[in-house]
Structures are given as C-alpha cells and as structure tokens.
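# Examining the three-dimensional arrangement
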Amino acid sequence: MFSTLDPVLLRSFVAVVESGSFTRAGDRVHLSQSTVSQQIRRLEEQLGCALLDRHGRYVATTEQGQHLLGYARRLLNLMNEAVEQLQQGQRQNELRIGVPEDFAAERLTPTLAGFARDHPDTRLEVTSDLSSRLWQQFSAGAFELVLVKQRRGQAPAQACWPEPWPGSTASGHRYIVATRCRW
C-alpha cells in the first residue's frame, strides 16, 4: 500500500489525459515518452488499478482514472497555489531601496534602523550607486523605493527637498526625490 501520491506521477498522468498521448505528454512535462509511460505504470501499481485504456490510437481514462483525474488536478492546483502564495509572501516582506552613495550612510542609517526595529519581518536591501543608475534600475523594477538627485521636475516624486549643490545658485540646486513606492 502507498502512503502518498507523488506529484510528479500525477503531473504526468494529467498531461497524458489532457494531451491524449504519451508522446505529447512527454513534451508537455519535459520527459521522454518512455519515462512518462513508466510513471503511469508506477502510479497504477501504487493504486492497484488501471487508470488509462491504451487500446486503439488514443489514450482514454478508465472509470478509476476519471475519478483520480479530478483529485489530481485539484492537488496539483493546490500545490501550485501554495508555492505562489509563499513566493508572494516573500516578495511582500522584502523592501529594496536605492540611494545615492553620499546620502546612504550619514542621513539614512538612523531611519532604516528605526524601520527595521518597527518591522522585524521585513528584509531591507539597500543599494548605493549614482542617481542616474539608480533611476534606471528603479525604472526596470529593481527597487520598491529610490531616492535620487535630480533637478526639480525631472521625475515624478512622492516627496522632494532641496540639497545644496556646491558652486551653484539657488536655482541650480539638485533635489532629493523620493519616487513612487511600489511596496
């Protein structure tokens, strides 16, 4: 008697039923036709019954196979859902921030320390680089939040404040821009 249903065997079984062929099922699950055939044989041995009618040109389910098919689909869907939820949860508990090199240590460290203390389940990942590279990486989805130095009006912002720029007039100041947060 078996104790569990192997999801690999179930995946091959569903692929055979849905494609109607061991060869097409093999392509679908990235295995050879003979491996899929062996997996179906193992599953049938574990369950002690024939699941597929192999007579004729096409493969069809037996009554027991049809009954298993509903369970197999539900089990595979549930496993996929569990993996998706866990991966989504990991993404939700990670905050990736990009900051200019000269801004990171001195001004941001106390704020990040407070955030880490208040949100112990969130993993902070801070990257320091030049503003232009940070903006490119943010635009490509690498960060949930980025602070960059740009001239006023150059980028959409949640908040901005002036930062003196050596040798410039008041109108030549750069601004720290806290861009839209995706977290």
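Rules and cut-offs
- Residues numbered from 1 in each chain as written.
- Predicted model: local features only at pLDDT ≥ 70, side-chain atom pairs only at ≥ 80, totals over all residues.
- Heavy atoms only, no water.
- UniProt positions renumbered as here; feature names shortened; annotations may be inferred.
- Helix = DSSP H or I, 4+ residues; strand = E, 2+ residues; numbered from the N terminus.
- Buried < 20%, exposed > 50% of the residue type's maximum accessible area, 1.4 Å probe, protein only.
- Contact = heavy atoms within 4.5 Å.
- Areas by Shrake-Rupley, 256 points an atom, 1.4 Å probe, with all protein chains shown as cover.
- Expected span 1.5 Å × (residues − 1).
- Polar contact = N/O pair within 3.5 Å; in protein donor to acceptor, adjacent residues only side chain to side chain.
- Axes fitted to C-alpha atoms, helices over the stretch in contact; angles between N-to-C directions.
- Parallel < 35°, antiparallel > 145°, perpendicular 65-115°, else oblique.
- Nonpolar A, V, L, I, M, F, W, Y, C, P; charged D, E, K, R; others polar.
- Core = buried A, V, L, I, M, F, W, Y, C linked by side-chain atoms within 4.5 Å.

The chain is annotated in an unreviewed UniProt entry as LysR family transcriptional regulator of Marinobacterium aestuariivivens. According to UniProt, the comment filed for the chain under the heading Sequence similarities (unreviewed entry) is "Belongs to the LysR transcriptional regulatory family."

## Some thoughts on the overall build of the chain
When helices and strands are counted, the chain shows six helices and seven strands. In the chain, the succession of helices and strands from N to C terminus is α-α-α-β-β-α-β-α-β-α-β-β-β. Buried residues in the chain amount to 33% of all 183 residues. Counting only contacts in the chain whose residues sit at least 6 apart along the sequence, the fraction spanning at least 24 positions is 57%. If you sum the accessible surface of the chain, you get close to 11700 Å²; carbon and sulfur atoms cover 51% of it.

## A look at helix 1 (residues 7-19)
In this model helix 1 runs 18 Å from its N-terminal to its C-terminal C-alpha over 13 residues, within 8% of the 18 Å that 1.5 Å per residue would give. Taken residue by residue, helix 1 has Leu 9, Leu 10, Ser 12, Phe 13, Val 14, Ala 15, Val 16 and Ser 19 as its buried positions. A side-chain oxygen of the first residue of helix 1 lies 2.8 Å from the backbone nitrogen of Val 8; this N-cap is Asp 6. Two residues or fewer past helix 1, Gly 20 is found with a positive phi of approximately 75 degrees.

## Points about the packing of helix 2 (residues 22-29) against helix 3 (residues 33-47)
It is at 8 Å that the axes of helix 2 and helix 3 come closest, and there the two elements cross at 100 degrees. The pairing of helix 2 with helix 3 is recorded here as roughly perpendicular in orientation. Residues Phe 22, Thr 23, Ala 25, Gly 26 and Val 29 of helix 2 pack against Gln 33, Val 36, Ser 37 and Ile 40 of helix 3. Its residues placed into classes, the contact of helix 2 with helix 3 shows five nonpolar, four polar and no charged.

## Structural notes on unusual backbone geometry
One non-glycine residue, His 30, lies in positive phi territory at about 60 degrees. Mapped onto the fold, His 30 is located in the loop between helix 2 and helix 3. Overall, His 30 belongs to the exposed group, its relative accessible area being 70%.

## Looking at the nonpolar core
One finds Phe 13, Val 16, Phe 22, Val 36, Ile 40, Leu 43 and Leu 52 to be the most contacted residues of the largest nonpolar core, which totals 19 residues. Those elements giving two or more residues to this core turn out to be helix 1, helix 2, helix 3 and helix 4 (63-92).

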